[in-house]
Amino acid sequence: MTQDELKQAVARAARDYIAANVPAGSIIGVGTGSTANFFIDELAAIKDRVCATVASSEATRKRLEGHGIEVVDLNDVTAMPVYVDGADEITENLEMVKGGGGALTREKIVAAVAGKFICVCDQSKLVATLGKFPLPVEVIPMAQAYVAREIEKLGGQPKPRAGFTTDNGNIILDVHGLAIADPAGFETALNQIVGVVTNGLFACRGADLLLLATPDGVRQVAR
């Protein structure tokens, strides 16, 4: 199977999970990225069961609305049973690196509100140790140089993402050269640097369920 076929398979599995386990009329959180896009396309088939959605990025909002799926502001939501999103890397403990698409802050906010975080990805994203994929860190622009120096003290090699601005108007430093033995601790340490908005480690609030596409089918890993 091609990678796109694997993404399509796991998107269908997420759609079926929601149809079977999430009450009709619920609000669904939707992530950002290529696998999330496949999920949005699948969600359109059951959109009559969904009251509305919360989008983690402007790109996701546009794709949802293109399917006629209502998107609401998170500030107007009091309960959201599930958030579905992909990952750039994930471990068997369901700790993740996210933010390759640059939407990490909004993704982290939506995930915090959701009752359950379902991660959808193909088997190439499953790793023993996080860090091979450069770790995105969203930074307020005036703090870029300072934050970069502080990250270097922690052993990382930060590089500005060229020509990219987040939906929040900030920049991304992609941190190379990491092997993250303590994801929750490193997530916390990075967030303590003044000028960091947040970073792409989802360890303090990891996924609750991983739907992992393999050539033999979609595997489920629960926390």
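Everything below is about the structure shown above.
Since this is a predicted model, take the numbers as computed values, not measurements.

> What exactly am I supposed to notice about the environment of Ile 193 here?
Its place among the elements puts Ile 193 in the loop between helix 6 (183-191) and strand 10 (196-199). Separated by 35 residues in sequence, Ile 193 and Pro 158 have C-alpha atoms that sit 14 Å apart.

> Would you mind going over the packing of aromatic side chains with me for this structure?
Any pair of aromatic rings gets described here by the distance separating the centres and the angle formed by the planes. Considering all chains together, one arrives at two aromatic pairs under this definition. In textbook terms, an aromatic cluster arises when at least three aromatic residues are bridged by ring pairs, as seen for Tyr 83, Phe 117 and Phe 202. Taking the ring centre of Phe 202 as reference, the NZ or CZ of Lys 98 above it sits at 5.5 Å. Above the plane of the ring of Phe 202 lies Lys 108, whose end atom (NZ or CZ) is 5.0 Å from the centre.

> What exactly am I supposed to notice about the sheet that holds strand 13 (residues 217-222) here?
Within a beta sheet, neighbouring strands are joined by backbone hydrogen bonds and run either parallel or antiparallel to one another. In space, the six strands of this open sheet follow the order 2-1-3-6-12-13, with mixed pairing throughout. The open sheet has two edge strands with one neighbour each: strand 2 (50-55) and strand 13. Recorded for the sheet is a direction-independent mean angle of 20° between the axes of neighbouring strands. Looking at chain direction, strand 1 (residues 26-30) and strand 2 are connected through five bridges and run parallel. Within strand 2, the position partnered with Ile 27 by the bridge is Ala 52. Here helix 3 (residues 58-66) sits on the sheet in contact with strand 1 and strand 2, set at roughly 155° to strand 2.

> Explain unusual backbone geometry here, please?
Both trends apply: most residues other than glycine have a negative phi, and most peptide bonds are in trans. The backbone phi angle of Leu 94 is positive, close to 70°, even though this residue is not glycine. Its location among the elements puts Leu 94 in the loop between strand 4 (89-90) and strand 5 (96-97). Of the residues examined, Leu 94 reaches a relative accessible area of 0% and is grouped as buried.

> What is the right way to read the pairing of strand 9 (residues 171-176) from this model?
Two faces, one strand: in a regular strand the side chains alternate between the faces of the sheet. Most of strand 9 is tucked away: five of the six residues are buried. In terms of strand pairing, strand 7 (residues 135-139) meets strand 9 through five bridges, oriented antiparallel. Residue pairing in the sheet places Val 139 in a bridge with Ile 171 of strand 9. As paired strands, strand 8 (residues 157-160) and strand 9 are joined by four bridges and run antiparallel to one another. Note that in strand 9 the partner of Gln 157 across the bridge is His 176.

Definitions and cut-offs
Position numbers for residues count from 1 along each chain, tracking the sequence in the order it is written. It should be noted that, the model being predicted, local features are given only for residues of pLDDT at least 70 and side-chain atom pairs only at 80 or more, the latter also being counted only at that level, while totals for whole chains, interfaces and linings use all residues. Hydrogens are left out, water is left out, and the side-chain values use all remaining heavy atoms of the structure. A run of DSSP states H or I qualifies as a helix once it reaches four residues; a run of E qualifies as a strand once it reaches two. Both are numbered from the N-terminal end. Pairing of aromatic side chains requires ring centres within 6.5 Å, counting the rings of Phe and Tyr and the six-membered ring of Trp. Pairs whose planes differ by under 30 degrees are stacked, by over 60 edge-to-face, and all others tilted. Only lysine NZ and arginine CZ atoms are considered, and such an atom sits over a ring when it is within 6 Å of the ring centre and within 35 degrees of the ring normal. Paired strands, in this sense, are two strands between which DSSP finds at least two bridges. The axes used here are C-alpha line fits, helices contributing only the stretch in contact, and every angle between their N-to-C directions lies in the interval 0 to 180 degrees. Working rule for contacts: check all heavy atoms of both residues, and any pair within 4.5 Å makes them a contact. Only protein chains enter the calculation, and the probe is 1.4 Å; a residue is then buried if its accessible area is under 20% of its type maximum, exposed if over 50%, and partly exposed in between.

Nothing here speaks to function; it is geometry throughout.
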